[in-house]
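Now for the letters of each chain:
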Amino acid sequence: MRSSQPVRAVAMAACAALALTACGSTKDTGGSGGKAGGEGKVGVVLPLLTSPFWQSYNDYVPKMAKSEDVDALKTVNSNSDPTQQITDINNQLNQGVKGLVVAPLDSAAISAGLDQAERKGVPVVAVDVAPEKGKVAMVVRANNVAYGQKACDYLGKQVKSGKVVQIMGDLASVNGRERSKAFRDCVKDKYPKLKVLEIPAKWESDTAASKLDTLLNSHSDLKGIYMQAGGVYLAPTLQTLKSKGMLKKAGEKGHITIVSNDGIPQEFDAIRKGQIDATVSQPADSYAKYGMYYIKAAMNGKKFKPGPTDHDSTIVKLPSGILEDQLPAPLVTKGNVDDAELWGNSVK
């Protein structure tokens with residue numbers, strides 16, 4: 001997920017220009033939802049489709065829209081461009097949608113689109129990323145601090161001392177910041193014999209591969225890797241290790257312990273093969289399901305408050321005042337990788 005301060009400024013400027021007319025086109029990326037629920041049409045904006053995680057989420061959207069009785073339009077893909085995402089939001093608003101489900105690319109820049117939706121009286125549910133400001137009815141998201149902590153604890157127990165690297169996401173995103181800080185702080189507090197190296201990779205596979213290759217030239221004694229997004233980092237990481245003769249199976253001498261985030265089928269296969277050791281399963285199915293659930297509730301004027309839910313999660317109030325439903329995200333290892341309840345095992 002790419003972003004920068006200049007991009008944020010452009011996105012804000014784009015908002016003003018788009019107040020009355022849309023200045024770009026969007027690309028349909030999936031089927032529409034099922035029968036109308038009487039509240040009106042719902043627009044669904046994706047951040048990207050180059051990751052298997054977001055491809056799976058995209059596939060779940062029409063299914064969950066039907067099950068929740070939401071009339072969802074075909075999804076649109078912002079293609080990793082925060083400025084395009086503002087355009088996409090405005091295009092949906094100009095089509096007369098009565099609700100929006102958006103997975104923000106940039107936690108700050110998205111406020112331009114949220115402000116436009118608020119001016120038109122259209123509720124928004126944010127999925128995966130919490131905005132820094134702006135009005136949303138609910139954020140549907142797993143606890144990203146827990147992602148970093150779970151990765152830290154797994155590596156800390158497997159790697160007693162030495163160098164580990166975290167391949168980070170975009171630090172313009174709250175997800176990238178929370179995972180990075182949580183991992184860093186946990187290692188410092190609980191596993192002081194580990195030395196953390198860092199690769200800022202912006203959710204970009206090419207960047208991850210290039211920077212990991214360079215890092216391994218200087219740190220061939222690396223003991224562990226934390227990938228903050230298996231959907232974009234798994235393939236380049238394994239390929240880079242293989243090209244250097246450093247891809248050893250779990251249990252073999254020289255194996256580098258690898259823990260990831262996402263819970264995609266490709267990660268599960270890599271765990272079974274012993275190429276990586278663990279991942280935190282980010283619930284693509286529940287993101288789609290509860291995105292639809294909360295947008296329907298918002299369009300009907302329903303309000304929520306902090307506390308436990310009926311689906312094994314907890315709604316918390318963020319410092320910004322926004323409510324976030326923190327969905328469970330289990331750690332997956334060789335011991336439970338074949339669990340049929342994991343969404344990554346139900347993807348065809």
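Everything quoted here is computed from the prediction, not taken from an experiment.

**What to know about the state of the cysteines**
Right, so step 1: One pass over the full model with this rule turns up one disulfide.
Right, so step 2: Disulfide pairing places Cys 152 opposite Cys 186 at an S-S distance of 2.1 Å. On the S-S bond that ties Cys 152 to Cys 186, the torsion sits near -75°, and the link is left-handed. Of this pair, Cys 152 sits in helix 5 (residues 144-158) while Cys 186 sits in helix 6 (residues 174-190); the two residues are 34 residues apart in sequence, bridging distant segments of the chain. Cys 186 matches Cys 152 in its accessibility class, with the two residues each being buried.

**A look at the sheet that holds strand 11 (residues 278-281)**
Right, so step 1: Read from one edge of the open sheet, six strands run 8-7-9-10-11-15, paired in mixed fashion. In this open sheet, the two edge strands, each paired with only one partner strand, are strand 8 (194-200) and strand 15 (331-333). Averaged over all neighbouring strand pairs, the angle between strand axes comes to 20°, with direction disregarded.
Right, so step 2: Each of strand 7 (162-168), strand 8, strand 9 (224-227), strand 10 (257-262), strand 11 and strand 15 touches helix 5; the most contacted strand, strand 10, lies at about 165° to it.
Right, so step 3: The sheet strands contacting helix 8 (residues 230-243) are strand 7, strand 9 and strand 10, and the helix crosses strand 10 at an angle near 155°.

**Things to note about the side chain of Asn 175**
Right, so step 1: With respect to the helices, strands and loops of the structure, Asn 175 is situated in helix 6.
Right, so step 2: In this structure, Asn 175 is in contact with Asp 128, Val 129, Arg 141, Asn 144 and Trp 203, ignoring residues within four places of it in sequence.

**Here's the deal with the side chain of Asp 277**
Right, so step 1: Tracing the chain through its elements places Asp 277 in the loop between helix 9 (265-273) and strand 11.
Right, so step 2: Lacking a salt bridge, the buried Asp 277 has Lys 334 as its closest oppositely charged neighbour, with an N-O distance of 9.1 Å.
Right, so step 3: Of the polar contacts made by the side chain of Asp 277, one reaches the side chain of His 255; its length is 2.8 Å.
Right, so step 4: Those residues in contact with Asp 277 that lie beyond four places of it in its chain are Tyr 154, Ala 250, His 255, Ile 256, Thr 257, Ile 258, Ile 271, Val 332, Thr 333 and Lys 334.

**Some points on the pairing of strand 13 (residues 314-317)**
Right, so step 1: Of the pairings in the sheet, the one linking strand 12 (residues 307-308) to strand 13 comprises two bridges and is antiparallel in character. Within strand 13, the position partnered with Gly 307 by the bridge is Ile 315.
Right, so step 2: The loop that links strand 12 with its antiparallel partner strand 13 comprises five residues; one of these, Asp 312, has a positive phi angle of about 60°.
Right, so step 3: Of the strand pairs in this sheet, strand 13 and strand 14 (residues 323-327) are connected by four bridges, and their pairing is antiparallel.

**Looking at the packing of helix 8 against helix 9**
Right, so step 1: Two elements in contact, helix 8 and helix 9, have axes separated by 9 Å at closest approach and are oriented at 40°. With respect to each other, helix 8 and helix 9 are oriented oblique. Our pair here, helix 8 against helix 9, has a crossing hand that is left-handed. Between helix 8 and helix 9, the contacting residues are Gly 230, Leu 234 and Leu 238 on the first element and Gln 266, Glu 267 and Ala 270 on the second.
Right, so step 2: Here the contact of helix 8 with helix 9 is built from residues that sort into three nonpolar, two polar and one charged.

**Concerning helix 5**
Right, so step 1: An ideal rise of 1.5 Å per residue puts 21 Å on 15 residues; helix 5 measures up with 22 Å between its terminal C-alpha atoms.
Right, so step 2: Turning to helix 5, its buried residues number three or more, namely Asn 144, Ala 146, Tyr 147, Gly 148, Ala 151, Cys 152, Asp 153, Tyr 154, Leu 155 and Gly 156.
Right, so step 3: Here helix 5 starts with a cap whose side-chain oxygen sits 3.0 Å from the backbone nitrogen of Val 145, and that cap is Asn 143.

**Details of the confidence of the model for the protein chain**
Right, so step 1: The predicted model of the protein chain has a mean per-residue pLDDT of 90, with 89% of residues at 70 or higher.
Right, so step 2: Taken as a whole, residues 1-37 scores under 50 in pLDDT and shows 99 contacts with residues more than four places along the chain or in a different chain.

**Quick look at helix 9**
Right, so step 1: Glu 267, Phe 268, Ala 270 and Ile 271 are the residues of helix 9 that are buried. Within helix 9, the buried residues cover an arc of 160° as seen down the axis, which keeps them to one side.
Right, so step 2: Taken together, the buried residues of helix 9 touch helix 8, strand 10, strand 11 and strand 15.

Quick notes on the rules
Residues numbered from 1 in each chain as written. Predicted model: local features only at pLDDT ≥ 70, side-chain atom pairs only at ≥ 80, totals over all residues. Heavy atoms only, no water. Disulfide = S-S within 2.5 Å. Helix = DSSP H or I, 4+ residues; strand = E, 2+ residues; numbered from the N terminus. Buried < 20%, exposed > 50% of the residue type's maximum accessible area, 1.4 Å probe, protein only. Pairing = 2+ DSSP bridges. Axes fitted to C-alpha atoms, helices over the stretch in contact; angles between N-to-C directions. Contact = heavy atoms within 4.5 Å. Lys, Arg positive; Asp, Glu negative; His and termini not counted. Salt bridge = Lys/Arg side-chain N within 4 Å of Asp/Glu carboxyl O. Polar contact = N/O pair within 3.5 Å; in protein donor to acceptor, adjacent residues only side chain to side chain. Parallel < 35°, antiparallel > 145°, perpendicular 65-115°, else oblique. Left-handed = near helix turned anticlockwise from the far one by under 90°. Nonpolar A, V, L, I, M, F, W, Y, C, P; charged D, E, K, R; others polar. Expected span 1.5 Å × (residues − 1). pLDDT = per-residue confidence, 0-100. Arc of directions from axis to C-beta.

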